[in-house]
Amino acid sequence: MNATSFPAGPIQRCEGRAVVVPGDDIDTDRIIPARYLKCVTFDGLAEGVFADDRSERAGDHPFDRAENQGAAILVVNRNFGCGSSREHAPQALMRWGIRAVIGESFAEIFFGNCLALGIPCLSVDHEQVADLQAAIAREPAATLQLSLEDPQVRLVGGAVEHRWPLTLAEGPRRMLCSGEWNGTAQLVANDGGLRSTAERLPYLADFAAAAT
Amino acid sequence: MSAGTLYDKVWELHRVADLPGGATQLFIGLHLIHEVTSPQAFSALRDLGLAVRHPERTVATVDHIVPTTSQARPFADPLAEEMLATLEANCTEHGILLHGLGSGRQGIVHVIAPELGLTQPGMTVACGDSHTSTHGAFGAIAFGIGTSQVRDVLASQSLAMGKLKVRRIRVEGALQPGVYAKDLVLHVIRTLGVKGGVGYAYEFAGPAIEALSMEERMTLCNMAIEGGARCGYVNPDAVTFAYLKGRPHAPAGDAWERAVAWWSALASGPEAVFDDEVVFEAATIAPTVTWGITPGQSIGVDETVPTLEQTEGDERPIAEEAYRYMDLRPGAPIEGLPVDVCFIGSCTNGRLSDLRAAAAVARGRQVAAGIKAFVVPGSELVAAEAEAEGLDAVFRAAGFEWREPGCSMCLAMNPDRLEGRQISASSSNRNFKGRQGSATGRTLLMSPAMVAAAAVSGHVADVRRLVAAPTTPEPEPASTRA
């Protein structure tokens, strides 16, 4: 389990070993089963990450294999994180040590929840994700170097160096690179805009504005 | 790019600012909270030294963790008790209205906000729960958020959001007897896929949609998220207004007429431009049942489990995983598959019309031997209305348990759960592996009437044969307008 500090500030790069969890449509109930949601803090969630999948695989789940301990970059397939909106899912992954996710595609709420924690979710196309996963399997000791400035990932330290282009929408990319991904202060600061928006909403003024 | 749709109009109205990162700061008109995804948000607010900006625009209830047998406090589960106590303390501290147990208004958050008239056309609605898409039934733009975003809404009554594309899903014709909104939405997800809606808001339109009651529209929009669409909506119309009129938080007096005029003008007009459109024919849809481990893996009750050859190439790995997990043979019929547990309830199908449709099947019949069947009303109001018309007695006489309101066995954060490899017929929304509380438990999603049919048959059964059967005295209408 990775006990290093959680993401903070600008996030332009991420480096670490990869852990591959293959399969499409891996939902957030699988990432963190509902029984682990009975809590009022996120502190203990690492122990529940993929709990049911891990007990089914009896030690052979990617999150249990010795070579993956300490991994920081999760590599997945399509529609990862679908289903429940529970932020407990990225919280559990983060507390286990994950700092970035690469996959073919992500469910929207999961993507947003990761962004709010400073965990980039980057996309790689269908053929390339298979190639990336195969390269990781061939070079288990190599590390991934992820760049958000020119979104791409390199596999370094193995016999052959590989590089794959990644995609990340410009908005989230800029938010991560600039450190504005934790945007509560920015939202709160726009007091004037919040006031004028509230004033023009008919349903906040007994629909008086609707008559005009 | 879409233009002139309800989504575009509501988005523009609530747009506070364009943020430097490229997202839009969007004002949230109604914020709903519950005990599972809010405690950490309140803690974060405290850590940041921030107040709740609009406590009067936030409404709380408790639903996920409440037991449905005895709701006496303290709960037997100390973790559940701590979660509710934390919600109560947070609501008291910040002046937030909490519809608690025994208040007469407690229930599943997506059931109570509509029935109290809190959810209205033209609002933006956010809640730390993916099934917030339900509220789109009113012509609101409603979406689920994570806990960090709950913190942001508490602090600023706004969110940083990216605008979605809009896909119109036009449904022509009319649903056949015994076929419900649940079947329609399962059919849509089966056709477009569980990720087909990623990046889109779904506008449901067309004659078959206009003919749906508000409760049916809620079932439909509730499951938009299961098709990958973060929100789904139906344009407000006379059905919407008739449902809202007279509800506790609905506009009254002179404001009512002004509200109706404004709401009417929000609907996507004939000039609206959509990013995409898909057309369905309602009459071709059969009662639909999931056979696999995603809500997209469904078939008509009269069909057989698809073989690998009948499955698209990239769907084959998850189909094979589903055969193994569900212990189903490709090509096998779904009708006749024995079930162990029958669950009627949830934010998808725990409303009065759902219970009426199930009771119409259960009336005069008996739950088959060895089957555990139970009904969980979606709210205290639903329970009271159902009891007033004797539905509880119909269910009890047929051998169903009649429970207290809550999320119950939809997600197993409370004592209701599957054991071992039990297989359930469930009116809920997710058939994910382990969803109903057992790591090996299996879920077949279907309409409440189909769950009742499975309960009295002991196996998956075609409800169309049961509702047409002469042994059913005075079958009630399958659904009624609220």
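Basis of the calculations
Residues numbered from 1 in each chain as written. Chains lettered and ligands numbered in written order. Predicted model: local features only at pLDDT ≥ 70, side-chain atom pairs only at ≥ 80, totals over all residues. Helix = DSSP H or I, 4+ residues; strand = E, 2+ residues; numbered from the N terminus. Rg over C-alpha atoms; globule rule 2.2 N^0.38 Å. Buried ≥ 20, exposed ≤ 12 C-beta atoms within 10 Å, placed from the backbone. Contact = placed C-beta atoms within 7 Å. Nonpolar A, V, L, I, M, F, W, Y, C, P; charged D, E, K, R; others polar. Core = buried A, V, L, I, M, F, W, Y, C linked by C-beta atoms within 7 Å. Domains from an automatic or database assignment. Axes fitted to C-alpha atoms, helices over the stretch in contact; angles between N-to-C directions. Parallel < 35°, antiparallel > 145°, perpendicular 65-115°, else oblique. Left-handed = near helix turned anticlockwise from the far one by under 90°. Pairing = 2+ DSSP bridges. pLDDT = per-residue confidence, 0-100.

A. Structural view of the overall build of chain B. In terms of regular secondary structure, chain B is built from 17 helices and 19 strands. Expected size for 482 residues packed as a compact globule is a radius of gyration near 23 Å; at 21 Å, chain B falls within 12% of this value. For chain B, the spread of C-alpha atoms along the three principal axes comes to 55 × 55 × 45 Å. Residues counted as buried form 62% of the 482 residues belonging to chain B. When contacts within chain B are restricted to residue pairs at least 6 apart in sequence, long-range pairs at least 24 apart make up 78% of them.

B. Representation of the overall build of chain A in the model. Helix and strand content of chain A: eight helices and eight strands. Expressed as lengths along the three principal axes of its C-alpha atoms, the size of chain A is roughly 70 × 40 × 30 Å. In chain A, which comprises 212 residues, the proportion classed as buried is 49%.

C. Up close: the interface of chain A and chain B. Of the residues lining the interface, 56 residues belong to chain A; the matching set on chain B comes to 68 residues. Listing elements by their share of the side of chain A that touches chain B, those giving two or more residues are helix H1 (28–31), helix H2 (51–57), helix H4 (108–117), helix H6 (170–178), helix H7 (184–189) and helix H8 (191–199) of chain A. Tallying contributions element by element places H4 of chain A first for the side of chain A that touches chain B, with six residues. Its residues assigned to classes, the side of chain A that touches chain B comprises 21 nonpolar, 18 polar and 17 charged.

D. Just the nonpolar core, in detail. Within the largest apolar cluster, 226 residues are counted, with the highest numbers of intra-cluster contacts made by Ile-73 of chain A together with Cys-342 and Val-451 of chain B. Setting aside its immediate chain neighbours within four residues, Val-451 of chain B contacts Cys-342, Phe-343, Ile-344, Ala-358, Ala-425, Ser-426, Ser-427 and Met-446 of chain B. Counting residues in hydrophobic clusters, the runner-up holds five residues, among them Phe-207 of chain A together with Ala-259, Val-260 and Trp-262 of chain B.

E. Representation of the environment of Ala-386 of chain B in the model. Residue and element names in this part refer to chain B. Looking at where Ala-386 falls in the secondary structure, it is placed in helix H14 (residues 380–388). On the basis of neighbour count, Ala-386 is assigned to the buried category, with 24 C-beta atoms found within 10 Å. For Ala-386 and Leu-308, which are 78 residues apart along the polypeptide, the C-alpha to C-alpha distance reads 44 Å. The residues contacting Ala-386, other than those within four sequence positions of it, are Leu-352, Leu-355, Pro-377, Leu-391 and Asp-392.

F. Structural detail: the domain arrangement of chain B. Residue and element names in this part refer to chain B. Taken domain by domain, chain B consists of domain 1 (6–161), domain 2 (165–239 + 262–284) and domain 3 (288–468). Of note, the centres of domain 1 and domain 2, computed from C-alpha atoms alone, are 24 Å apart. Every contact between the two is made by 21 residues of domain 1 and, on the other side, 22 residues of domain 2. The set of elements that each furnish at least two residues to the side of domain 1 that touches domain 2 consists of helix H1 (6–14), helix H4 (109–115) and strand E7 (141–144). Here the side of domain 1 that touches domain 2 is built from residues that sort into 11 nonpolar, nine polar and one charged.

G. A look at the packing of helix H13 (residues 352–362) of chain B against helix H15 (residues 391–398) of chain B. Residue and element names in this part refer to chain B. The geometry of H13 relative to H15 is characterised by a closest axis approach of 9 Å and an angle of 40 degrees between their N-to-C directions. It follows from the interaxial angle that H13 and H15 lie oblique. Here H13 runs over H15; the crossing is left-handed. Every residue of H15 that contacts H13 at Leu-355, Arg-356, Ala-359 and Ala-362 is listed here: Leu-391, Val-394, Phe-395 and Ala-398.

H. Seen up close, the pairing of strand E15 (residues 341–344) of chain B. Residues and elements named next belong to chain B. The side-chain alternation of E15 yields two buried faces, one formed by Val-341 and Phe-343 and the other by Cys-342 and Ile-344. The sheet contact formed by E15 and strand E16 (residues 372–375) spans four bridges and is parallel. Across the sheet, Val-341 pairs through a bridge with Lys-372, a residue of E16. Relative to strand E18 (residues 423–426), E15 runs parallel, the two sharing three bridges. Within E18, the position partnered with Cys-342 by the bridge is Ala-425.

I. Broad picture of unusual backbone geometry. All names here are of chain B. At the junction of Arg-73 and Pro-74, the peptide bond is cis and its omega measures out at -10 degrees in the coordinates. As for its position among the elements, Pro-74 is in the loop between strand E4 (58–61) and helix H3 (78–94). Unlike most non-glycine residues, Ser-346 shows phi in positive territory, near 95 degrees. A positive phi angle, close to 50 degrees, is found at Ser-408, a residue other than glycine. By secondary structure assignment, the location of Ser-408 is in the loop between strand E17 (401–402) and E18.

J. Summary view of the sheet that holds strand E3 (residues 73–75) of chain A. All names here are of chain A. The parallel open sheet is built from four strands, whose spatial order is E2-E3-E4-E5. A single partner strand is all that each edge strand has here, and the edge strands are strand E2 (18–20) and strand E5 (121–123). Each neighbouring strand pair of the sheet contributes to a mean axis angle of 25 degrees, computed without reference to strand direction. Across three bridges, strand E4 (residues 100–103) lies against E5 in parallel orientation. Looking at E5, one finds that Gly-103 is bridged to Ser-123.

K. Looking closely at the domain arrangement of chain A. By the assigned domains, chain A splits into domain 1 (13–181) and domain 2 (184–212). Each of domain 1 of chain A and domain 2 of chain A was reduced to a C-alpha centroid, and the two centroids are 38 Å apart.

L. The arrangement of the confidence of the model for chain B in detail. Residues and elements named next belong to chain B. In this model, chain B carries a mean pLDDT of 96, and residues with pLDDT of at least 70 account for 97%. Ignoring residues within four places in sequence, the model shows residues 470–482, a span with pLDDT below 50, making 29 contacts including any to other chains. Across the whole predicted complex the pTM is 0.96, and at the interface the ipTM reaches 0.95.

M. Examining the pairing of strand E19 (residues 442–445) of chain B more closely. Residue and element names in this part refer to chain B. Side chains Arg-442 and Leu-444 of E19 all project onto a buried face; the interleaved residues Thr-443 and Leu-445 project onto the opposite face, where all are buried too. Bridge analysis of E18 against E19 gives four bridges, and the strand direction is parallel. Its bridge partner lying in E19, Ile-423 is registered against Arg-442.

N. Representation of the sheet that holds strand E7 (residues 152–156) of chain A within the structure. All names here are of chain A. Taken in spatial order, the four strands line up as E1-E6-E7-E8 in an open sheet, and their pairing is antiparallel. Two strands bound the open sheet, and with one partner strand each, they are strand E1 (13–16) and strand E8 (162–165). Sheet twist, expressed as the average angle between the axes of neighbouring strands with direction ignored, equals 15 degrees. The sheet contact formed by strand E6 (residues 143–147) and E7 spans five bridges and is antiparallel.

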